[in-house]
Protein chains: 2
Amino acid sequence: MVTIKDIANRLGIAPSTVSKGLNDANDISPELKKLVLDTAIEMDYVTKRMKKETRKRLCVFVENMQYEKPGDFGFDIILGFKQAAVRDNWEVTVTPITPLLQLHDPYDRYMVKNSFHGGFLVGFALMAQLETTTIPTVLFDNYIRKNPNIAHVGTDSFEGIDLAIDHLTTLGHTRIALLNGSPDSMITANRYDAYANSMLGHNLELDENLVAYGYYVEESAKYHLPALIENGATAILCGNDLLAVGVLRECERLHIKVPQELSVVGFDNLPIACEISPALTTINQDRIDLGRNSYAALYWLIAKVPISRSLLRPRLIVRASTAKPGVAKVELGQKKHPSDPDGTFLPDARAHKDK
Amino acid sequence: MVTIKDIANRLGIAPSTVSKGLNDANDISPELKKLVLDTAIEMDYVTKRMKKETRKRLCVFVENMQYEKPGDFGFDIILGFKQAAVRDNWEVTVTPITPLLQLHDPYDRYMVKNSFHGGFLVGFALMAQLETTTIPTVLFDNYIRKNPNIAHVGTDSFEGIDLAIDHLTTLGHTRIALLNGSPDSMITANRYDAYANSMLGHNLELDENLVAYGYYVEESAKYHLPALIENGATAILCGNDLLAVGVLRECERLHIKVPQELSVVGFDNLPIACEISPALTTINQDRIDLGRNSYAALYWLIAKVPISRSLLRPRLIVRASTAKPGVAKVELGQKKHPSDPDGTFLPDARAHKDK
């Protein structure tokens, strides 16, 4: 059980100052007040005021995503969401969903039963039910058409991919490949469109032989890397950091030097991006801001303002995995992976168009 | 000078109740409090609290747009913005910009000099300066790449056009034309992409002969209508209500019966949409909500959350200008407008692609 003293020690200030911050006193600066409140949330300290107002409740659903520890993708998103929500005196409950742990009730009944005013879903569960939900609900990286109770929040793929292609073309790359995620995801489709849009915007040829789908799975890199290099790629833009890590590891296996022979760019800026060698150039999604913006969208949905999409601007973080173009050499033997004899994993740019 | 009594009369409640609402008293319901505050803003009543806090200032710039009277496109946007901003004790100044009335200073200096913390621009002025501004600024229906101090707010064209094409295909239309705005506007490009996306999504042929650019000018309808009908259009989706009004008037001139021979859909739901005959089926942009959402985006920009885009869901409002498909007859003589001998206004779907 966290106490005011714990917060005081963490911040190196007097406990009395902490309680001033928690109790919204006037003789403490707004900045310090904000810091105290943010730290209290981060340390799971519950103020009396929060305890009192149990009528105002929001629920965050997390599906198959790490969120317990700092550095977990979900941790900062939820932290940012809570830090913004507490200012309006919301009580926030986090409910993990897994194939084994589903809701016992239909979504709407579950929310009403537990007197949740709104939901924030990080993951892809519950989609069928959300088509018609009447509960204000914000989806991270997902979208449902024609339901004014649903908002989509995320990061602006167009701006992110455009920043990365700016960077690569400035270095001299023209054969830039896209190793994308799962063809059936909206984000994958967005990132493909952003890639196509930016390549054309930079007067570069859009060559579908430089586009592959890696299902956001690190291992998929080995299926695609040889073909992409074979097709002339000098740089590979990856749908997320996991795919980029897969590419870096496969390059090591194939003795392809990064960045001398191949430049690699990720998306997300997960902690591993700066731990791996070479450190990964990647497109940063600020997860605290994503959480704050998700709360903002939910706030307006609850106020009956039908937010459709609310996206953040990403930043490009340049590290050691990108440089002037070189030429990678791949032995023929590596071109197709043994466990993929009929090449079903080979690039297919049309797949996502079915969606 | 508006008084508490005026507000009381307008709402039919006691002046004492009004002042309770204005002074955030506890013995008055939140709903009534909200109503009193909204009405005070609408009637330009300035509370003492608002007068006190002159440090917190926002500026709304309106370019070449009516906003003084209820029903003006800009009026409700600004009203919604003010109603949301006042809750956070912002003082909002509205500054019209015209070719004759420009800012004397560069934008950033102007904002700092007048101690404005942020700006909301309804119009297309100042773009060059906004490329690099450091002042949090929200743009209605406009976007600037790679400046994290700028956010784009508006209505989700994809959802709006998709709702309209749902409606028209349900009625049996397959030859649906798009009479779009100015090829050089971002919104025009969005609406073309939304149209293409939705036509393909409804398994309808995307025929560039059914796409024309009307520059958001009512008169342009006469240049395009004959060609679009000649090319088989049984329904015309217009980039805004002005273009749709132009189409309705041109149909009257050419003795084309709407909706029996041609269905027409607008975009915006301006007051004229229900005044004209036949009343216009159109895609509604809720201008109060646009204003509230614009304030929300500016709030987060000021809090250093780099909102990129924040869009609202539109609604389709079905009136008398759409029905089952018929066949319009146009005399050859009308096919090309005399003042357009070389047909420079004829459909050109590629124009906006240059942007």
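Residues numbered from 1 in each chain as written. Chains lettered and ligands numbered in written order. Predicted model: local features only at pLDDT ≥ 70, side-chain atom pairs only at ≥ 80, totals over all residues. Heavy atoms only, no water.

Undergrad: Sorry, what's going on with the overall build of chain A here?
TA: Helices and strands together make up the secondary structure of chain A, namely 13 helices and 12 strands. Relative to its 355 residues, chain A shows a buried fraction of 56%. Of all intrachain contacts in chain A linking residues separated by at least 6 positions in sequence, the fraction that spans at least 24 positions is 69%. For chain A, the accessible area works out to roughly 15,300 Å², and carbon and sulfur atoms hold 55% of it. (Helix = DSSP H or I, 4+ residues; strand = E, 2+ residues; numbered from the N terminus. Buried < 20%, exposed > 50% of the residue type's maximum accessible area, 1.4 Å probe, protein only. Contact = heavy atoms within 4.5 Å. Areas by Shrake-Rupley, 256 points an atom, 1.4 Å probe, with all protein chains shown as cover.)

Undergrad: Got a minute to help me understand the sheet that holds strand E10 (residues 281–284) of chain B in this structure?
TA: Sheets are built from strands that pair by backbone hydrogen bonding, the pairs being arranged parallel or antiparallel. All names here are of chain B. Pairing within the open sheet is mixed, and its 6 strands lie in the order E7-E6-E8-E9-E10-E12. Looking at strand neighbours, the two that pair on one side only are strand E7 (211–213) and strand E12 (315–317), the edges of this open sheet. Pairs of neighbouring strands in the sheet enclose a mean axial angle of 20°, with direction left out of account. Packing of helix H8 (residues 157–171) onto the sheet brings it into contact with strand E6 (176–180), strand E8 (235–238), strand E9 (263–268), E10 and E12, and relative to E8 it is tilted by some 165°. (Pairing = 2+ DSSP bridges. Axes fitted to C-alpha atoms, helices over the stretch in contact; angles between N-to-C directions.)

Undergrad: For this particular structure, what's the right way to read the sheet that holds strand E3 (residues 118–122) of chain B?
TA: Strand order in the open sheet formed by 12 strands is E2(A)-E1(A)-E3(A)-E4(A)-E5(A)-E11(A)-E11(B)-E5(B)-E4(B)-E3(B)-E1(B)-E2(B), and the pairing between neighbours is mixed. Two strands lie at the open edges of the sheet, namely strand E2 (91–97) of chain A together with strand E2 (91–97) of chain B, each paired on one side alone. When the angles between neighbouring strand axes are averaged without regard to direction, this sheet yields 20°.

Undergrad: Help me out: how do you make sense of unusual backbone geometry in this one?
TA: The omega angle of the peptide bond from Ser277 of chain A to Pro278 of chain A is -5°, so this bond is cis rather than trans. Take Pro278 of chain A: it is sitting in the loop between helix H12 (272–275) and strand E10 (281–284). Positive phi, normally seen in glycine, also occurs at Tyr215 of chain B, with a value near 55°. When you line up the elements, Tyr215 of chain B lands in the loop between E7 and helix H10 (221–230). Backbone geometry places Asp268 of chain B, a non-glycine residue, at a positive phi of 130°. Residue position: Asp268 of chain B is located in strand E9.

Undergrad: Would you explain helix H10 (residues 221–230) of chain A in this entry?
TA: In an α-helix, one turn spans 3.6 residues, which is why side chains three or four residues apart end up on the same side. Residue and element names in this part refer to chain A. Extensive coverage of H10 is indicated by the burial of 8 of its 10 residues. Of all the positions in H10, only Ala221, Tyr223, His224, Leu225, Pro226, Ala227, Leu228 and Ile229 are classed as buried. Contact partners of the buried residues in H10: strand E6 (176–180), strand E7 (211–213), strand E8 (235–238) and helix H11 (241–253). With its phi angle positive at about 100°, Gly232 sits one or two positions after the end of H10.

Undergrad: I'm lost on empty space enclosed by the protein in this one. Help?
TA: The probe, sized like a water molecule, is rolled over the atoms to show the empty space still left. Counted by the stated rule, this structure contains 1 cavity of 30 Å³ or more. Here the largest cavity defines a volume of roughly 80 Å³. Along its surface, the largest cavity is lined by Asn293, Ala296, Ala297, Trp300, Ile307 and Ser310 of chain A together with Asn293, Ala296, Ala297, Trp300, Ile307 and Ser310 of chain B. Contributions of two or more residues to the lining of the largest cavity are made by helix H13 (287–302) and strand E11 (307–312) of chain A together with helix H13 (287–302) and strand E11 (307–312) of chain B. A class-by-class count of the residues in the lining of the largest cavity yields 8 nonpolar, 4 polar and no charged. (1 Å grid on protein atoms, 1.4 Å probe; cavity = no way out; pocket = protein on both sides within 12 Å on 5 of 7 lines; lining within 4 Å. Points joined across faces, edges and corners; volume = space filled by probe spheres on them. Nonpolar A, V, L, I, M, F, W, Y, C, P; charged D, E, K, R; others polar.)

Undergrad: Would you take a moment to explain the relation of the copies chain B and chain A for this structure?
TA: In this structure, two copies of a chain are linked by a rotation about an axis accompanied by a shift along it. Superposing chain B onto chain A takes a rotation of 180° combined with a translation of 0.0 Å along the rotation axis, leaving an RMSD of 0.1 Å. Interpreted geometrically, this transformation is the action of a two-fold axis. The C-alpha atom lying nearest the rotation axis in chain B is that of Ser310 of chain B; the distance is 2.1 Å. A shared binding surface is used by both copies, with 100% of the interface residues of chain B retained as interface residues in chain A. (Least-squares fit on C-alpha atoms with pLDDT ≥ 70 in both.)

Undergrad: Can you help me understand the nonpolar core in this one?
TA: For soluble globular proteins, nonpolar side chains are generally found buried alongside one another. Counting residues in hydrophobic clusters, the biggest one holds 58 residues, and the most contacted among them are Phe81 and Phe120 of chain A together with Phe81 and Phe120 of chain B. Residues contacting Phe81 of chain A, with those up to four places away along its chain left out, are Leu58, Val60, Val92, Phe120, Gly291, Arg292, Ser294, Tyr295 and Leu298 of chain A. (Core = buried A, V, L, I, M, F, W, Y, C linked by side-chain atoms within 4.5 Å.)

Undergrad: Please clarify how the confidence of the model for chain A should be interpreted in this entry.
TA: Caution is warranted with low-pLDDT regions, since their predicted coordinates should not be read in detail. All names here are of chain A. When pLDDT is averaged along chain A, the result is 87; 88% of the residues meet or exceed 70. The spread of mean pLDDT over the elements of chain A runs between helix H4 (residues 48–52), the lowest at 57, and E8, the highest at 98. Below a pLDDT of 50 lies the segment residues 332–355, which in the model reaches 43 contacts outside its immediate sequence neighbourhood of four places, other chains included. With a pTM of 0.78, the predicted complex shows an ipTM of 0.74. (pLDDT = per-residue confidence, 0-100.)

Undergrad: Sorry if this is basic, but what is going on with the packing of helix H1 (residues 4–11) of chain A against helix H3 (residues 30–42) of chain A here?
TA: Helix-helix packing is characterised by the crossing angle of the two axes and by the distance between the axes. Residue and element names in this part refer to chain A. Contact pair H1 / H3: the axes reach a minimum separation of 10 Å and the direction vectors enclose 115°. Classified by chirality, the crossing of H3 by H1 is right-handed. From H1, Ile7, Arg10 and Leu11 reach across to H3, where they touch Leu35, Val36, Thr39, Ala40 and Glu42. For the contact of H1 with H3, the residue count by class is 5 nonpolar, 1 polar and 2 charged. (Left-handed = near helix turned anticlockwise from the far one by under 90°.)

Undergrad: Would you mind showing me how to read the packing of H10 of chain A against H11 of chain A here?
TA: Residue and element names in this part refer to chain A. Interhelical geometry of H10 versus H11 gives an angle of 65° and a closest axis separation of 9 Å. Compared by their axis directions, H10 and H11 come out roughly perpendicular. Pair H10 / H11 crosses with right-handed handedness. Contacts between H10 and H11 pair Ala221, Lys222 and Leu225 from the former with Leu243, Gly246, Val247, Glu250 and Cys251 from the latter. Along the lines of polarity and charge, the residues of the contact of H10 with H11 split into 5 nonpolar, 1 polar and 2 charged. (Parallel < 35°, antiparallel > 145°, perpendicular 65-115°, else oblique.)

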